Amino acid sequence: RQCTTSKTGRVGGLNSFIAEFAKFAPLEVARLYAPLFAKMALLGREPLRAKGGIVHDLYKQKGEHRLLANWREILLANVDLKMYHRTVRDTLVPYMQQSFVDTQCGGVKGKSTAMANHLVRTFLRVTAMEGQSAAVLFLDSSNAFYVVLRQLLMTDVQSDEDIAAICARLNL
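So, a few notes on the structure that sits alongside this text. (Residues numbered from 1 in each chain as written. Predicted model: local features only at pLDDT ≥ 70, side-chain atom pairs only at ≥ 80, totals over all residues. Heavy atoms only, no water.)

**A look at the packing of aromatic side chains**
Two aromatic rings, taken as a pair, are described by how far apart their centres are and by the angle between their planes. For the coordinates displayed, the defined rule picks out three aromatic pairs. Between phenylalanine 37 and tyrosine 84, the ring centres sit 5.1 Å apart and the planes meet at 45 degrees, which makes this aromatic pair tilted. With phenylalanine 37 in helix H3 (residues 26-43) and tyrosine 84 in helix H4 (residues 79-99), this residue pair connects regions lying 47 residues apart in the sequence. A residue is classified by how much of its surface remains accessible, and phenylalanine 37, at 17% relative accessible area, is buried. On the accessibility criterion, tyrosine 84 (10% relative accessible area) is buried. (Phe/Tyr/Trp six-rings, centres within 6.5 Å; stacked < 30°, edge-to-face > 60°. Helix = DSSP H or I, 4+ residues; strand = E, 2+ residues; numbered from the N terminus. Buried < 20%, exposed > 50% of the residue type's maximum accessible area, 1.4 Å probe, protein only.)

Put into structure tokens, the structure is as follows:
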């Protein structure tokens, strides 16, 4: 199914596989990738070559071009692996959602942050009524993580050995 529903007109990742291949010959692509995807699912890991992609800078369409803050990075990942991840995600999400608690705010599609907002406001209101000091710290940890990781890893990756060297540097 992922072969026929993948978005076309996009650049491929490191392996140059594009969604148009899958749309043009979905059965052939499915037969070609089925053994690899089955092995990945059963082992619970991806081949080293499947990690990463091509990092590309995009202008946010506002502000001055010369300011770094007006740009963002995107990762051009391998389309075939995006199909695999989408298949796994679509299969597992219904089961995962059964175990989420009502106060779960992150990682649930279509669920607002209203509950988190309510909990934070209630906490601040109760501490104020009790005459206690309180503070709330909001962190954009995912963006900060990727910025630091990108700066740490920005090297010319040309082979599996380069990726393995980066993993060794990070003690992975």
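Next comes the rest of the write-up.
**A closer look at a nonpolar patch on the surface**
Together, Phe123, Leu124, Val136 and Phe138 line one region of the surface with nonpolar side chains, adding up to about 390 Å² of accessible area. Looking at the secondary structure, you find leucine 124 in helix H5 (residues 114-129). Judged by its relative accessible area of 34%, leucine 124 falls in the partly exposed class. (Patch = residues over 30% accessible without salt bridge, like charges linked within 9 Å, V, L, I, M, F, W, Y side chains within 5 Å. Areas by Shrake-Rupley, 256 points an atom, 1.4 Å probe, with all protein chains shown as cover. Salt bridge = Lys/Arg side-chain N within 4 Å of Asp/Glu carboxyl O.)

**Description of unusual backbone geometry**
With a phi angle near 70 degrees, glutamine 61 is a residue other than glycine that sits in the positive phi range. Here glutamine 61 lies in the loop between strand S1 (54-59) and strand S2 (71-76).

**Here we look at the packing of H3 against H4**
Two measures define how a pair of helices packs: the angle their axes make with one another and the distance between the axes. Put simply, H3 and H4 touch, their axes get as near as 11 Å, and they point 60 degrees apart. If you check the angle between H3 and H4, you find them oblique. Once H3 is placed against H4, the crossing between them reads as right-handed. Together, Val29, Tyr33, Phe37, Met40 and Ala41 of H3 and Asp80, Leu81, Met83 and Tyr84 of H4 make up the contact between the two elements. Partitioned by chemical class, the residues of the contact of H3 with H4 number eight nonpolar, no polar and one charged. (Axes fitted to C-alpha atoms, helices over the stretch in contact; angles between N-to-C directions. Parallel < 35°, antiparallel > 145°, perpendicular 65-115°, else oblique. Left-handed = near helix turned anticlockwise from the far one by under 90°. Contact = heavy atoms within 4.5 Å. Nonpolar A, V, L, I, M, F, W, Y, C, P; charged D, E, K, R; others polar.)

**As for the pattern of salt bridges**
Evaluation of the coordinates by the stated rule reveals one salt bridge. For glutamate 64, the salt bridge identified is with arginine 66, shortest N-O distance 2.8 Å.

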